[in-house]
Amino acid sequence: MTIQAVRGTRDILPEEIAAWHRIEAAARDLFARYGYREIRTPVFEETELFARGIGAETDIVSKEMYTFADRDGGSLTLRPEATAGIVRAVIEHNLMNTDPALKVYALGPMFRRERPQKGRYRQFHQVDVEAFGFTSPTIDAEVIELALAYLDACGVREHELVLNSVGDRHCRPAYVERLRAALRDSASSMCADCQRRADTNPLRVLDCKVEEDQGVIDALPRITDHLCSPCAEHFAEVRRQLELLAIPYRTSHRLVRGLDYYVRTTFEVTSTALGAQSSILGGGRYDGLVKDLGGPEAAGIGFAVGLERLALLAPAGVRAPRCDVFLVPLAKAALDRALRLQRELRRAGLGAMLDPEGRSVKSRMKQADKLGARFVAIMGDDEIARGAWTVRDMVRSEQQDVPEDGVLDHLKEKANG
Ligand code: HAM
């Protein structure tokens, strides 16, 4: 039996890669212009980091992590998201000492054992952006604007920004108690997950997608009616600044997100073009997480974009291999010259190729065509005798003799001209 890719993982094939290169390049270019630098953290971490960072009661930690025992008895986990690892690195390397307003981004694979479906994988990729040390609502608006600018740079236009505030350590506990009390009466009619969460983590009930539960959920108390005044003011200012920037949004009191570290602002961008897995990106503020993980008191805010979903939405661009010159050595003695010229052309920054199998001239000209070669350089017995290449300009359909010692410069000039 042949071995296949593990369920929920996928190969990114050469024909898709142009879209990936484009969205990765757009991230690097755009984020640098907003003052972000790249950080790369390991794909596995101590399990405790995620349990403490994301929250033991979340779906991610309780059901979806790839956790394994290390040989020395420790417990390791493949990262299900980037934020916790980045926060760990910020603390470990005291990055905020040198840069109290720290902006970083990361790109890479994440792992969650979810049920695979279109746009949902067990290994997927995120572009992740994090800003540390900013408490002002201005950065909330800027981070959201950056997220949308990134989608725009990737050519994604049809989407909706959804916004909420989940309060903070001062107002949320009282709201959660209210929610718990309300659920005490109604949870018995809800799904099994809701019944469990009604007690352990009532906020998660708001995430429930089960059709029959929606009526009960709609009648529950809303966080936005129970924010303390600093949280309410912060939220109002974020919305005012979004309006100032002419960014349309919809508020949803149910946007609590699947990770426990959020305080105040949470947001998601969704697209109906994605089907059931409609969220392209999600993020929010997480003041307190740096401290919880053993670092200084520091604010944090960020978001992550799912690249598989982004690639589905970004207009396809096909990038063929770049072939400036296709070499066609016909005589045996010509092959050595062609190999040397091919190396020199490549060193000069041009795309050069030949057919090492030495198939028929007809088939080689077909290959040159398929590769979109700009020039074809032919050398047979006649050319060897003349000490020259026959160089054919495929675009202009012209051909000329070019002496061997000048052929490199000739092709360089023509290809770059
Ligand atoms: P998240 O909402 O869990 O947030 O994930 C962000 C994005 O990753 C989602 O909107 C989705 O596009 C993509 N994604 C998540 N799970 C999968 C999957 N199984 N298959 C394909 N794509 C997926 C976070 O991860 C937070 N760390 C974001 C953040 C950064 N918050 C603050 N800073």
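Residues numbered from 1 in each chain as written. Predicted model: local features only at pLDDT ≥ 70, side-chain atom pairs only at ≥ 80, totals over all residues. Heavy atoms only, no water.

### Considering the site of the ligand
Inclusion rule: Throughout, the term near means that a residue has one or more heavy atoms lying within 4 Å of the molecule or strand in question. Polar contact is the term for a pair of N or O atoms within 3.5 Å; when the atoms are in protein, one must be able to donate a hydrogen and the other to accept it, and sequence-neighboring residues count only if both atoms are side-chain atoms. The Shrake-Rupley method, run with a 1.4 Å probe, gives the accessible areas here. Residue values count only the displayed protein chains as cover. Three classes are used, and their members are as follows: Ala, Val, Leu, Ile, Met, Phe, Trp, Tyr, Cys and Pro are nonpolar, Asp, Glu, Lys and Arg are charged, and the others, Gly among them, are polar.
Around the ligand lies a shell of 27 residues, among which E81, E114, Y121, Y262 and S279 are the nearest. Between the ligand and the protein, one listed contact pairs a nitrogen atom with a side-chain N or O atom of Y262 at 2.6 Å. Across the complex, the protein chains shield 96% of the 660 Å² of accessible surface that the ligand would expose by itself. The residue makeup of the shell around the ligand, split by class, is 10 nonpolar, 9 polar and 8 charged.

### Here we look at helix α16 (residues 407-416)
As a reminder of what qualifies: Whether a residue is buried, partly exposed or exposed follows from its accessible area with a 1.4 Å probe, protein chains only, as a fraction of its type maximum: under 20%, in between, or over 50%, in that order. Helix numbering and strand numbering both begin at the N terminus, where a helix is a DSSP run of H or I of at least 4 residues and a strand a DSSP run of E of at least 2. Directions are taken from the helix axis to each C-beta atom, and the arc is the one they span. Here, two residues are considered to be in contact whenever any of their heavy atoms come within 4.5 Å of each other.
Burial in α16 covers these residues: V407, H410, L411 and A415. The arc enclosing the buried residues of α16, seen along the axis, measures out at 115 degrees, which places them on a common side. Among the exposed residues of α16, those pointing more than 90 degrees away from its buried face are E413 and N416. Those residues of α16 that are buried are in contact with β12 (325-329), α13 (332-347), β14 (375-379), β15 (388-393) and β16 (398-403).

### Regarding the pairing of β16
Strand residues, when the strand is regular, have side chains that alternate between the two faces of the sheet. Selection rule: DSSP-based pairing: two strands are paired if at least 2 bridges between them are found.
Here 6 bridges tie β15 to β16, and the two strands are oriented antiparallel to one another. Looking at the pairing, A388 lines up with P403 of β16. Here β15 folds back onto β16 in antiparallel fashion, the turn holding 4 residues, of which S397 has a positive phi close to 55 degrees.

### Brief notes about helix α7 (residues 172-186)
Every α-helix winds through 3.6 residues per turn, so residues three or four apart in the chain are directed the same way. Defined as follows: The length a helix should cover is 1.5 Å for every residue beyond the first.
Taking 1.5 Å per residue as the helical rise, α7 with its 15 residues ought to reach 21 Å, and the 21 Å between its terminal C-alpha atoms agrees with that figure. Turning to α7, its buried residues are R172, Y175, V176, L179, R180, L183 and S186. Across the axial projection of α7, the buried residues extend over an arc of 140 degrees, all falling on one side. Those residues of α7 that are exposed and angled more than 90 degrees off the buried face are R184 and D185. Against α8 (192-200), α9 (214-218) and β9 (263-270) lie the buried residues of α7.

### What to know about the packing of α13 against α16
Here is the rule: To get an axis, a line is fitted to the C-alpha atoms, and for a helix only the part in contact is used. The angle between two axes follows their N-to-C directions and goes from 0 to 180 degrees. In this scheme, roughly parallel covers angles under 35 degrees and roughly antiparallel covers those over 145, while 65 to 115 is roughly perpendicular and the rest are oblique. Working rule for handedness: look at the near helix, and if it is turned counterclockwise from the far one by less than a right angle, call the crossing left-handed; if clockwise, right-handed.
The N-to-C vectors of α13 and α16 enclose an angle of 40 degrees; their axes lie 10 Å apart at closest approach. In terms of orientation, α13 lies oblique with respect to α16. Here α13 and α16 pass one another in a crossing that is right-handed. From α13, L341, E344 and L345 reach across to α16, where they touch V407, L408 and L411. Here the residues of the contact of α13 with α16 are counted per class, giving 5 nonpolar, no polar and 1 charged.

### Focus: the sheet that holds strand β13 (residues 352-354)
Spatially, 5 strands are ordered β13-β12-β14-β15-β16 in an open sheet, and the strand pairing comes out mixed. Only two strands of the sheet have a single neighbouring strand rather than two, namely β13 and β16. The mean angle between the axes of side-by-side strands here comes to 25 degrees, regardless of whether they run parallel or antiparallel. Note that β14 and β15 share 4 bridges and pair antiparallel. Paired with A377 across the bridge in β15 is V391. Sheet contacts for helix α14 (residues 361-370): β12, β14 and β15; angle to β12, the most-contacted strand, approximately 175 degrees.

### Brief notes about the packing of helix α6 (residues 137-153) against helix α10 (residues 229-244)
Orientation of α6 relative to α10, taken along the N-to-C sense of each, is 45 degrees, at an axis distance of 8 Å. Relative to α10, the element α6 is oriented oblique. The handedness of the crossing between α6 and α10 is right-handed. Packed against α6, whose contacting residues are P137, T138, D140, A141 and I144, the element α10 presents H234, E237, V238, Q241 and L242 at the interface. A breakdown of the residues in the contact of α6 with α10 according to their chemical character gives 5 nonpolar, 3 polar and 2 charged.

### With respect to the sheet that holds strand β4 (residues 75-78)
The 3 strands are arranged β2-β4-β3 in an open sheet whose pairing can be described as antiparallel. The sheet terminates laterally at β2 (44-46) and β3 (67-69), the two strands that pair on one side only. Adjacent strand axes in the sheet meet at a mean angle of 35 degrees when their direction is disregarded. Where β3 and β4 come together, 3 bridges link them in antiparallel fashion. Pairing of T67 across the sheet is with T77, part of β4.

### Focus: the pattern of salt bridges
Heads up, the condition is: Think of a salt bridge as a Lys or Arg side-chain nitrogen and an Asp or Glu carboxyl oxygen that are within 4 Å of each other.
Inspection of every chain in the model, using the stated rule, returns 34 salt bridges. Residue D99 pairs with R37 through a salt bridge whose shortest N-O separation is 3.6 Å. With a gap of 62 residues between them, D99 in the loop between α5 (95-98) and β5 (102-111) and R37 in strand β1 (residues 37-38) connect regions that are remote in the sequence. Across the salt bridge formed by R204 and D207, the nearest N and O atoms sit 3.3 Å from each other.

### Notes on the packing of aromatic side chains
Note the following rule: To pair, rings of Phe, Tyr and Trp, with the six-membered ring standing in for Trp, must have centres within 6.5 Å; the planes then decide the type, stacked if under 30 degrees apart, edge-to-face if over 60, and tilted in the middle.
Applying the stated criterion to the full structure yields 8 aromatic pairs. Here the aromatic rings of F31 and Y105 are separated by 5.3 Å at their centres, their planes lie at 65 degrees, and the arrangement is edge-to-face. Here Y105 lies in strand β5 and F31 lies in helix α1 (residues 17-33), a separation of 74 residues in the sequence. This pair shows no difference in class: F31 is buried, exactly as Y105 is.

### What to know about the side chain of E383
Threshold: Positive charges come from Lys and Arg alone, negative charges from Asp and Glu alone, with His and the N- and C-terminal ends not counted.
Position of E383 among the secondary structure elements: in helix α15 (residues 381-386). No salt bridge is formed by the buried E383; the nearest opposite charge belongs to R386, separated by 4.1 Å. Not counting chain neighbours up to four residues away, the residues in contact with E383 comprise I378, A388, W389 and T390.

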